[in-house]
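The primary structure of each chain is shown beneath.
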Amino acid sequence: ARSRPAGAVIEKLVSLGESVVAVARTQNKGIVEVPRWFAEIMAKARFRGVSMKWEAADVRNAATLRTCLQNAKAVVYTAASSTRTEKNSPRDVEYVGVEAVAKEALEAGVERFVLISAAGVTRPWKSTMEGVTRAGATWRLGALLSGRLSAKRKGELALIKVAQESMGMLTYTVIRPTFLGNSSHEAAFSVKAHDVVLSQGDHAQGSITRSEVGALAVEAIFIPAAYNVVLEAASSARSLSRQKGVPQQAQPKTGLAKWDELLSWMRAGDGRYISPQQMTKLDQLRDLQQYWTSMALEEEEYGGGGVVANLNA
C-alpha cells in the first residue's frame with residue numbers, strides 16, 4: 001500500500017464512504033511506518049466517519065494476511081516488485097504473491113479481486129520494441145529485462161485460475177495500465193469515465209495517470225460488467241491506440257459517459273493477446289448479436305407472435 005496507485009485507490013474508496021485496510025510490509029523490523037499521504041487521507045476519513053487503518057503483512061507470507069482479510073469485500077492488489085533486492089523480486093511479488101493473496105482472499109470469503117498489472121505482458125519483447133520511442137520506454141525496457149512483465153502475466157493467470165476454481169465465489173478484474181504518469185492521489189476523487197479509454201487484446205499504447213488507474217480500480221469493484229475481465233487502460237488525452245487497424249472497444253462518445261457504460265463493452269476472458277483483425281471480427285459478431293437480441297425483444301414487446309396468430313385465424 002505504499003505505492004502511488006494504492007494512494008489513489010484509498011482516496012477514492014474513502015470518498016465513497018468505504019472502510020479501508022491498507023496492507024504493506026514493514027520497512028524496518030518491529031516499526032510500523034506509514035507514508036505521509038496515508039496520514040493525510042486518514043484525517044479525511046476520520047472527519048467523514050470512515051474506518052481506515054494500516055496493517056503490517058507480507059504477500060510473500062500468506063499467514064500474515066489472514067487477519068487483514070477478515071470481513072473484507074474486495075482486494076485491490078497494487079504491490080510492485082523491485083530489482084534492487086532478491087527478497088522483493090518480480091517472481092515473489094507479482095506472481096507468487098498474487099497467487100498467495102488470491103487463495104487467502106478466497107478462504108476468507110472475499111468476493112472481488114482487482115489486480116493492477118501492466119499493458120504488453122502477453123508479448124513483452126514485441127510490446128517493448130514497439131514503445132521504444134514513446135513515453136515510458138526506459139521503464140518498459142527495465143521491466144522486460146528484469147522479468148517483471150513475464151511475472152505479471154504469470155500472476156494474472158494464477159489469479160484467474162484461483163477464481164475459476166472457486167466456482168463464482170471469487171471474481172477478478174485485471175487492469176493493465178499503459179505507462180503510468182505522475183499525479184496526486186487526491187485527483188482520484190475527480191476522475192470521470194470519459195477520462196479513460198479501455199481496450200482488450202493487449203495492444204494498447206499511451207499513458208495514464210495513477211489517479212485514473214486508482215479510480216478505475218475502485219469502480220471495477222462494484223460494477224458487474226467488470227467481473228472476470230482483463231482490460232487495458234489509457235488516458236483519453238494520452239492514448240496512442242488510435243493507430244490504423246487497432247479497434248477501440250470503449251471510447252465514450254460523450255463527456256457524460258458513466259463507468260458502467262464504459263465497462264459494459266468489456267468481454268470476460270483470460271487476457272490473452274488478440275490481433276487487431278481478430279478484435280474487429282469479434283466486434284462485428286457482438287454488434288450482430290446485439291442487433292438480433294434487440295429485434296427479438298422488440299418483437300416480444302409488440303406481440304409479434306400474436307400478429308401471426310391473428311393472420312392465421
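Definitions and limits used
- Residues numbered from 1 in each chain as written.
- Predicted model: local features only at pLDDT ≥ 70, side-chain atom pairs only at ≥ 80, totals over all residues.
- Heavy atoms only, no water.
- Core = buried A, V, L, I, M, F, W, Y, C linked by side-chain atoms within 4.5 Å.
- Buried < 20%, exposed > 50% of the residue type's maximum accessible area, 1.4 Å probe, protein only.
- Contact = heavy atoms within 4.5 Å.
- Helix = DSSP H or I, 4+ residues; strand = E, 2+ residues; numbered from the N terminus.
- Axes fitted to C-alpha atoms, helices over the stretch in contact; angles between N-to-C directions.
- Parallel < 35°, antiparallel > 145°, perpendicular 65-115°, else oblique.
- Left-handed = near helix turned anticlockwise from the far one by under 90°.
- Nonpolar A, V, L, I, M, F, W, Y, C, P; charged D, E, K, R; others polar.
- pLDDT = per-residue confidence, 0-100.
- Pairing = 2+ DSSP bridges.
- Phe/Tyr/Trp six-rings, centres within 6.5 Å; stacked < 30°, edge-to-face > 60°.

Q: Whenever I open this one, the nonpolar core confuses me. Can you help?
A: Within soluble globular proteins, side chains that are nonpolar generally end up buried alongside one another. Membership of the largest hydrophobic core comes to 39 residues, with the highest contact counts inside it found for I10, M52, L198, L231 and W259. Dropping the residues within four chain positions of it, M52 is found in contact with I10, V14, V20, F38, I41, M42 and A45. V98, L159, I160 and V174 belong to the second largest nonpolar core, which has 23 residues in total.

Q: Can you help me understand helix α8 (residues 210–222) in this one?
A: For an α-helix, 3.6 residues make a turn, and residues three or four places apart therefore share a direction. For α8, the tally of buried residues reaches 12 of 13 residues, placing the bulk of the element in the interior. Regarding α8, the residues found buried are R210, S211, E212, V213, G214, A215, L216, A217, V218, E219, A220 and I221.

Q: Looking at this structure, how should I read the packing of helix α4 (residues 90–107) against helix α7 (residues 148–165)?
A: Between two packed helices, the angle of one axis relative to the other and the distance separating the axes together describe the packing. Remark: α4 packs on α7, axes separated minimally by 7 Å, with the N-to-C direction vectors making an angle of 15°. When the interaxial angle is binned, α4 and α7 end up roughly parallel. Viewed along their axes, α4 and α7 form a crossing whose handedness is right-handed. The segment α4 lies against α7, with P90, R91, E94, Y95, V98, E99, A102, K103 and L106 engaging R148, A151, K152, K154, G155, A158, L159 and V162. Classifying every residue of the contact of α4 with α7 by side-chain character gives 9 nonpolar, 1 polar and 7 charged.

Q: Teacher, can you tell me more about the side chain of E156 here?
A: Inspection of the secondary structure puts E156 in helix α7. Residue classification places E156 among the buried residues on the basis of a relative accessible area of 0%.

Q: What is the right way to read the confidence of the model for the chain from this model?
A: Parts of the prediction with low pLDDT should not have their coordinates interpreted in detail. In the predicted model, the chain carries a mean pLDDT of 80, and the fraction of residues at 70 or more is 73%. Taking the mean pLDDT of every element in the chain, the minimum, 41, falls on helix α11 (residues 304–312) and the maximum, 98, on strand β4 (residues 112–116). Here residues 252–256 is a poorly scored stretch, pLDDT under 50, and it has 7 contacts once near neighbours within four places are set aside; other chains count. For residues 304–313, every residue scores under 50 in pLDDT, and the model assigns this stretch 2 contacts once sequence neighbours within four places are set aside.

Q: Got a minute to help me understand the pairing of strand β5 (residues 171–177) in this structure?
A: Looking along a regular strand, one sees side chains alternate from face to face of the sheet. Counting buried residues in β5 gives 7 out of 7 residues, a clear majority hidden from the surface. Covered by surrounding structure in β5 are T171, T173, I175 and P177 together with Y172, V174 and R176, the residues of both alternating faces. Across 5 bridges, the pairing between β4 and β5 is parallel. The residue of β5 that forms the bridge with F113 is Y172. The pairing of β5 with strand β9 (residues 229–235) spans 5 bridges and is classified as parallel. Bridge pairing links T173 to V229 in β9.

Q: Help me understand the packing of aromatic side chains in this model?
A: Both the distance between ring centres and the angle between the ring planes are used here to describe each pair of aromatic rings. For the structure on display, the rule yields 3 aromatic pairs. When the centroid spacing of 4.8 Å and the interplanar angle of 80° are considered together, the rings of F38 and W54 count as edge-to-face. Remark: W54 occurs in strand β2 (residues 52–56) and F38 occurs in helix α2 (residues 36–48); sequence separation between them is 16 residues. Grouping residues by exposure puts F38 and W54 together as buried.

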